[in-house]
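# Overview (structure and organization)
Spelled out, the chains give:
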Amino acid sequence: MNNRLFALATSSIGRKALMALTGLGLIGFLVVHLAGNLTLLAGSDGAAFNSYARTIESNPLLPLAEVGLAALFLAHIVLGIRQAAGNREARPVGYRQFQSHGNRKVSTSSMLVTGLIVLVFLVVHISDFRLAARHPQGLAYMVHERMRQPLGAAVYLLGVGALGVHLWHAFQSLFQSLGLRHPRYSPLIDKAGRGLAVLLALGFAVLPVYTWVASPAKAAAKAPAESTSSAVSGPHDSSPAAATPSVTKEPR
Amino acid sequence: MSADHAPSSGMRLTLNIWRQSGPADAGRMETYHLDGISPDMSFLEMLDVLNVRLEREGREPVAFDHDCREGICGSCGVMIDGNAHGPEAETATCQLHMRSFADGAALTIEPFRAKGFPVLKDLVLDRSAFDRIIAAGGFISANTGCAVDANSTPVAKSDAELSMDAAQCIGCGACVAACPNAAAMLFVGAKIAHLGLLPQGQPERSKRVLAMARQMEAEGFGSCSNYYECEAACPKAISVENIARLNRDYLRAGLTTRD
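How each quantity is defined
Residues numbered from 1 in each chain as written. Chains lettered and ligands numbered in written order. Predicted model: local features only at pLDDT ≥ 70, side-chain atom pairs only at ≥ 80, totals over all residues. Heavy atoms only, no water. Helix = DSSP H or I, 4+ residues; strand = E, 2+ residues; numbered from the N terminus. Buried < 20%, exposed > 50% of the residue type's maximum accessible area, 1.4 Å probe, protein only. Contact = heavy atoms within 4.5 Å. Areas by Shrake-Rupley, 256 points an atom, 1.4 Å probe, with all protein chains shown as cover. Salt bridge = Lys/Arg side-chain N within 4 Å of Asp/Glu carboxyl O. pLDDT = per-residue confidence, 0-100. Pairing = 2+ DSSP bridges. Core = buried A, V, L, I, M, F, W, Y, C linked by side-chain atoms within 4.5 Å. Domains from an automatic or database assignment. Buried area = accessible area lost by both parts, 1.4 Å probe. Nonpolar A, V, L, I, M, F, W, Y, C, P; charged D, E, K, R; others polar. Expected span 1.5 Å × (residues − 1). Polar contact = N/O pair within 3.5 Å; in protein donor to acceptor, adjacent residues only side chain to side chain.

### Some details on the overall build of chain B
Scanning chain B from terminus to terminus reveals eight helices and seven strands. With the principal axes as the frame, chain B shows a C-alpha extent of 70 × 40 × 35 Å. Out of the 259 residues belonging to chain B, those deemed buried represent 54%. Of the contacts made within chain B by residues no fewer than 6 positions apart, 69% connect residues no fewer than 24 positions apart. Total accessible area computed for chain B in this model is approximately 11100 Å², and 50% of it derives from carbon and sulfur atoms.

### Quick look at the pattern of salt bridges
Residue and element names in this part refer to chain B. All chains considered together, the criterion is met by 18 salt bridges over all chains. R99 is the salt-bridge partner of D40, the closest N and O atoms lying 3.4 Å from each other. Highlighted residues: D40 in the loop between β2 (28-37) and α1 (43-56) and R99 in the loop between β4 (83-84) and β5 (106-110), separated in sequence by 59 residues. Classification of D40 as exposed rests on a relative accessible area of 55%.

### Considering the environment of G138 of chain B
Residues and elements named next belong to chain B. Residue placement: G138 occurs in the loop between α2 (128-137) and α3 (157-167). Counting along the chain gives 73 residues from G138 to D65, while the straight-line C-alpha distance between them is 24 Å. Setting aside anything within four residues of it in sequence, one finds G138 in contact with I133, L195 and M212.

### What to know about the confidence of the model for chain A
Looking at chain A as a whole, its pLDDT mean stands at 85, while 84% of the residues score no less than 70. For chain A, per-element mean pLDDT is lowest for helix α11 (residues 239-249) of chain A, which scores 38, and highest for helix α2 (residues 12-37) of chain A, which scores 97.

### Some points on the pairing of β5 of chain B
Residues and elements named next belong to chain B. Of all five residues making up β5, four are buried, and the element is well covered by its neighbours. Pairing analysis gives four bridges linking strand β1 (residues 11-19) to β5, with the strands arranged parallel. Within β5, the position partnered with I17 by the bridge is I109. In the sheet, strand β3 (residues 79-80) pairs with β5 via two bridges, with the strands oriented antiparallel. In the sheet register, M79 faces β5, and the bridge partner there is E110.

### Some remarks on the nonpolar core
Of all hydrophobic cores here, the largest spans 73 residues; its most connected members are V176 and F221 of chain B. Here F221 of chain B is in contact with A90 of chain A together with G116, F117, A129, F130, I133, V176, A182, A183, A184 and M216 of chain B, once residues within four sequence places are set aside. Ranked by size, the runner-up nonpolar core spans 30 residues in total, among them L44, I80, F101 and L107 of chain B.

### Here we look at the domain arrangement of chain B
Residues and elements named next belong to chain B. Domain boundaries in chain B define domain 1 (11-110) and domain 2 (127-256). The gap between the C-alpha centroids of domain 1 and domain 2 is 30 Å. At the junction of the two partners, domain 1 supplies twelve residues and domain 2 supplies eleven residues. When domain 1 packs against domain 2, the two sides together hide about 810 Å² of surface, and 55% of this comes from carbon and sulfur. Put simply, domain 1 and domain 2 have one salt bridge between them. Close ionic contact of D65 with R127 constitutes a salt bridge, the shortest N to O distance being 3.8 Å. Considering only residue class, the side of domain 1 that touches domain 2 consists of five nonpolar, five polar and two charged.

### Remarks on helix α6 (residues 205-218) of chain B
For α6 of chain B, spanning 14 residues, the distance from its first C-alpha to its last is 20 Å, which sits close to the expected 20 Å at 1.5 Å a residue. Among all positions of α6 of chain B, only S206, R208, V209, L210, A211, M212, A213 and M216 of chain B are buried. On its buried side, α6 of chain B packs onto α2 of chain A together with α2, α5 (185-196) and α8 (241-256) of chain B. Positive backbone phi, approximately 90 degrees, marks G220 of chain B, located one or two places after α6 of chain B.

### Section: the interface of chain B and chain A
Contacts between chain B and chain A engage 48 residues on the former and 41 residues on the latter. Overall, the association of chain B and chain A removes approximately 3800 Å² of surface from exposure, summing both partners, and the carbon and sulfur fraction of that is 50%. In this structure, the connection of chain B to chain A is made through zero salt bridges. At the junction of chain B and chain A, the tally comes to 29 residue pairs in polar contact (both at pLDDT 80 or more). Taken together, the elements giving at least two residues each to the side of chain B that touches chain A come down to β5, α4 (174-178), α6, α7 (229-233) and α8 of chain B. By residue number, the principal contributor to the side of chain B that touches chain A is α8 of chain B, which donates ten residues. Looking at the side of chain B that touches chain A residue by residue, the class counts come to 27 nonpolar, twelve polar and nine charged.

This is the structure:
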């Protein structure tokens, strides 16, 4: 029985099914993660977000959930790389000329690349907010500080952009890999997948954009609190509201 | 090529063809100039003309596979300008005519490329991997006995249609050739659907899908990344729905068979 399961899980169709299932689990995580992130938009002081973070962190089952999530990521990544390597081996001599007529889009042929970009982003993201020491002013403050740095915001936008491109192909593909295809439902699944990819990418992109564009009120509300913060953040205390115009006005 | 056999009339072509003397040869592209080609010739007849001229000049003709030349045996596939079976949709190489190309065109002709399809010579492949996949389970082993009355085994019309659509597969390997992963999923999916949709295919359905998929992998074909190049290249327009059916049948069989 175990041998049978092992053979199933390690066969090429079984591996694709596992990629599909782990991918589906990760999409579920992303939806919940985005919902949590958007609490940053509720009120200007980040209290809702900080309390959401505290609620999660005080849950004794958190380490278990984190191990599960890490396992999902790890399995998806290892299977993806393994699959890509196997597929490369399947055509040792390539064509001089090849013309595509299929469903191949940028998203389809860049799954490995966008996946690896998301992986690099994931490392940055975890070290930024999970492994870094918690600032006394809370997680919302740390997010704000990270997003108002142009490089920080750019890395996040690149990461969620790659994620969006990855998901553009991924969602309908996972249904096909699990053998779920029907002329009546598959066109809907295609559309739903693209819609989900756009919504998730835009949703995650809201935070850096919001921090840059629409947070003067938030910064003003924060100002008194920031005056007590350490000297490290001192030079930036003037908030993005002040920093943004200076960047755009200088050349004139 | 010399122009004395076919003066100014007809099409002029430049052919860049993969030449490889045997499996161990590294191979190379060679260029030939051909003229006097009728637009009404089939692509393979054009290669015949080239080979006659090469032989007259004492050179080795281009080896290519062909048999029925009517689009049903599946032996003739080559890559033409990066298209499996050439530029026309739902057309095997033998059914392709030279009117599909412009006078003066330069054509690149390569063999199908896959680890599972080693090149034997020039454009000729060893496609016995497909035979071994079929031998692993792509059949119904029940004795047929006498011919039974029509309609004694009811088959739903929609199942019969889907099965017959899948049964159109001629095993040419264009799906493998066009797939970026050199996967044989459409071929195997077509066989699974063809047999698995009919009542006669049920007793061996699970055993069949497990064995054929195992053999497919053992032959070194890649896995499906859902590019759907196979469906577009297939001369019989076999749908990628059959790949979903293969996935579904395989997972079901892997999880539920008891023997």
